[in-house]
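Observations on the model geometry
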Amino acid sequence: MNQPYHPDLSARLEKSFEEADKAREMLTESMANAVATNCDLLHHGLVSAKGLEVTTEMYRHMLGKLLRSSSGEVRAQVLDSFNQSMEKFWPRKRVDGSSFTEPTE
């Protein structure tokens, strides 16, 4: 049952794993971009159809449910994303009134 060691086979396997990881990263990024685009379209559609106040209430309800999720990982990711968004759009102020971080896009 002992099979001889082939360095070229190991190198090819390693290269194959690297290529698979790269493809997975590209797919994940592509999926994230597609989800973000669809969320933007959905948001504008909701605001147009129902108004900003109703849409804001829907987001408040959804965020509340996500933050009460039984999965600690989901709660942690939602809270981290929420905190990053807060810092982006409403950065903390210093004593002199300037922002710690400036919103970037």
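Please refer to the structure higher up on the page.
Keep in mind that this is a model prediction, so the values were computed, not measured.

**Some points on a nonpolar patch on the surface**
Taken together, the side chains of Leu67, Leu79, Phe82, Met86, Phe89 and Trp90 present a nonpolar region at the surface, about 600 Å² in accessible area. Residue position: Leu67 is located in helix H2 (residues 52–67).

**Observations regarding the packing of helix H1 (residues 7–50) against H2**
For the pair H1 and H2, interaxial distance at closest approach is 7 Å and the crossing angle is 130°. Between H1 and H2, the interaxial angle falls into the category oblique. Together, His43, Leu46, Val47 and Lys50 of H1 and Leu52, Val54, Thr55, Met58 and Tyr59 of H2 make up the contact between the two elements. Along the lines of polarity and charge, the residues of the contact of H1 with H2 split into six nonpolar, two polar and one charged.

**Here's the deal with the pattern of salt bridges**
All told, the structure shown has five salt bridges when counted by the stated rule. Between Glu57 and Arg60 there is a salt bridge; the shortest N-O distance is 3.1 Å. Here Arg60 and Glu57 lie together in helix H2, a separation of three residues that amounts to about one turn. On the accessibility criterion, Glu57 (41% relative accessible area) is partly exposed. Taking the shortest distance from any N to any O, the salt bridge between Glu87 and Arg92 comes out at 3.1 Å. Note on Arg92: relative accessible area 56%, which makes it exposed.

Thresholds, definitions, all that
- Residues numbered from 1 in each chain as written.
- Predicted model: local features only at pLDDT ≥ 70, side-chain atom pairs only at ≥ 80, totals over all residues.
- Heavy atoms only, no water.
- Patch = residues over 30% accessible without salt bridge, like charges linked within 9 Å, V, L, I, M, F, W, Y side chains within 5 Å.
- Areas by Shrake-Rupley, 256 points an atom, 1.4 Å probe, with all protein chains shown as cover.
- Salt bridge = Lys/Arg side-chain N within 4 Å of Asp/Glu carboxyl O.
- Helix = DSSP H or I, 4+ residues; strand = E, 2+ residues; numbered from the N terminus.
- Axes fitted to C-alpha atoms, helices over the stretch in contact; angles between N-to-C directions.
- Parallel < 35°, antiparallel > 145°, perpendicular 65-115°, else oblique.
- Contact = heavy atoms within 4.5 Å.
- Nonpolar A, V, L, I, M, F, W, Y, C, P; charged D, E, K, R; others polar.
- Buried < 20%, exposed > 50% of the residue type's maximum accessible area, 1.4 Å probe, protein only.

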